[in-house]
Amino acid sequence: MTDKDPLRRYRGKRDFDLTREPRGRPGAGGGDPRFVVQIHDASTMHFDFRLQVGEVLKSWSVPKGPSADPRDKRLAVPTEDHPLEYENFEGVIPEGEYGGGTVIVWDHGTYRPLSHDRRGRPVPFDEALERGHATFCLDGLKLRGEYALTRFRGGKEGGEREAWLLVKAKAESARTAGRAAPDPRRARSVRSGRTLHQVAAEGRGAEER
Ligand code: MN
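All of these numbers come straight from a predicted model, not from anything done at the bench.

Caption draft 1: Molecular detail of the overall build of the chain. Assigned secondary structure in the chain consists of three helices and nine strands. Mapped in sequence order, the helices and strands of the chain form the string α-β-β-β-β-β-β-α-β-β-β-α. Accessible surface computed for the chain: about 11700 Å², of which carbon and sulfur atoms make up 46%.

Right, here's the structure in full:
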């Protein structure tokens with residue numbers, strides 16, 4: 001671990017007396033690395049794509065969400081590392097707080113890092129990300145198969161804001177291709193079957209009680 005607290009940025013943005021998002025705890029993890037895709041109805045609707053690397057979820061905001069079609073290049077803008085428990089976060093972040101709005105878990109599962117160097121040796125996933133290109137195979141309930149994340153802007157110290165592309169790496173048969181990102185307002189949580197609207201309505205109910 002290079003950083004003393006890998007979640008410093010995450011915690012700095014949030015008041016945990018006001019939001020029910022997890023604070024994160026050290027020493028979590030173990031087993032196959034996890035991924036999660038959340039739909040976040042914040043000031044602008046977007047998907048949050050997160051991959052476990054060590055004790056954190058590396059995170060990108062993907063406005064259109066991941067596609068199952070290799071011809072689609074989806075913009076992915078990095079956001080701060082999130083705690084592993086965030087995989088299970090679904091609910092309403094209070095208005096006025098950072099990321100205020102409703103969150104549902106659209107898909108989750110495990111992934112297998114696939115990046116190799118020119119000699120065919122595996123590259124550690126965090127190193128691949130640092131270099132700006134990582135390939136991986138998702139095993140989710142909706143998303144399946146090979147994807148690549150590639151940085152195309154920024155990345156140098158003090159440079160412009162980073163921008164990446166999230167692309168399905170290989171065409172597959174319709175049976176194994178996995179599902180494309182849905183209309184976010186109709187999408188249902190893989191955890192609870194609820195829509196954003198239902199989670200928001202229940203969140204408001206909880207506040208009134
Ligand atoms: Mn978000």
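After presenting the structure, the write-up continues.
Caption draft 2: Main features of the environment of Pro94. One can find Pro94 in the loop between β5 (91–93) and β6 (101–113). Here the alpha-carbon distance between Pro94 and Leu18, two residues 76 residues apart in the chain, equals 7.1 Å. Each residue touching Pro94, except ones within four places of it in the same chain, is listed here: Leu18, Thr19 and Gly100.

Caption draft 3: Local environment of the packing of aromatic side chains. On inspection of all chains with the given rule, the structure shows nine aromatic pairs. Between Tyr10 and Phe16 the ring centres are 6.1 Å apart and the planes differ by 40°, which places this aromatic pair in the tilted class. The same class applies to Tyr10 and to Phe16, which are both buried. Consider the rings of Tyr111 and Phe125, whose centres lie 5.1 Å apart with planes at 50°: the pair is tilted. A residue pair is termed long-range when its members are at least 10 positions apart, and Tyr111 in strand β6 and Phe125 in helix α2 (residues 125–131) qualify at 14 residues.

Caption draft 4: Main features of the pattern of salt bridges. Per the stated rule, a full pass over the model turns up 16 salt bridges. The partner of Asp72 in a salt bridge is Arg74, with the nearest N and O atoms 3.5 Å apart. Since its relative accessible area comes to 25%, Asp72 is described here as partly exposed. Among the ionic pairs, Glu162 bridges to Arg151, the shortest N-O distance being 4.0 Å. Of this pair, Glu162 sits in the loop between β8 (144–153) and β9 (163–168) while Arg151 is found in strand β8, placing the two residues eleven residues apart along the sequence. For Arg151, a relative accessible area of 21% corresponds to the partly exposed category.

Caption draft 5: Representation of the nonpolar core in the model. Among the nonpolar cores identified, the biggest contains 28 residues, and Phe49, Leu51, Trp60, Phe136, Leu138 and Leu149 are the most heavily contacted of them. When residues of this core are assigned to their parent elements, the largest contribution, four residues, is made by strand β2 (residues 45–53). Ignoring any residue separated from it by four or fewer positions in sequence, one finds Leu138 in contact with Phe35, Phe49, Leu51, Thr110, Tyr111, Leu143, Arg144, Gly145 and Tyr147. In this structure, Phe16, Val56, Phe89 and Ile93 belong to the second largest nonpolar core, which totals twelve residues.

Caption draft 6: Up close: the side chain of Lys142. For Lys142, the position within the fold is in the loop between β7 (133–140) and β8. Despite its burial, Lys142 pairs with no opposite charge; the closest candidate is Asp107, at 5.9 Å N-O. For Lys142, the side chain forms a polar contact with the main-chain oxygen of Arg188, separated by 3.0 Å.

Caption draft 7: Representation of the environment of Ala169 in the model. Topologically, Ala169 is positioned in the loop between β9 and α3 (196–208). The exposure class assigned to Ala169 is partly exposed, which follows from its relative accessible area of 39%. Separated by 22 residues in sequence, Ala169 and Tyr147 place their C-alpha atoms 4.7 Å apart. Look past the residues within four positions of Ala169 in its chain and what remains in contact with it is Glu146 and Tyr147.

Caption draft 8: Region of the structure containing the environment of Arg144. Within the element layout of this structure, Arg144 appears in strand β8. Arg144 sits in the partly exposed class, given a relative accessible area of 35%. Between the C-alpha atom of Arg144 and that of Lys168, which follows or precedes it by 24 residues, the distance is 9.4 Å. Side chain to side chain, Arg144 and Asp139 meet in a polar contact 2.9 Å long. A distance of 3.2 Å separates a polar atom in the side chain of Arg144 from the backbone oxygen of Gly140.

The rules we used
- Residues numbered from 1 in each chain as written.
- Predicted model: local features only at pLDDT ≥ 70, side-chain atom pairs only at ≥ 80, totals over all residues.
- Heavy atoms only, no water.
- Helix = DSSP H or I, 4+ residues; strand = E, 2+ residues; numbered from the N terminus.
- Areas by Shrake-Rupley, 256 points an atom, 1.4 Å probe, with all protein chains shown as cover.
- Contact = heavy atoms within 4.5 Å.
- Phe/Tyr/Trp six-rings, centres within 6.5 Å; stacked < 30°, edge-to-face > 60°.
- Buried < 20%, exposed > 50% of the residue type's maximum accessible area, 1.4 Å probe, protein only.
- Salt bridge = Lys/Arg side-chain N within 4 Å of Asp/Glu carboxyl O.
- Core = buried A, V, L, I, M, F, W, Y, C linked by side-chain atoms within 4.5 Å.
- Lys, Arg positive; Asp, Glu negative; His and termini not counted.
- Polar contact = N/O pair within 3.5 Å; in protein donor to acceptor, adjacent residues only side chain to side chain.

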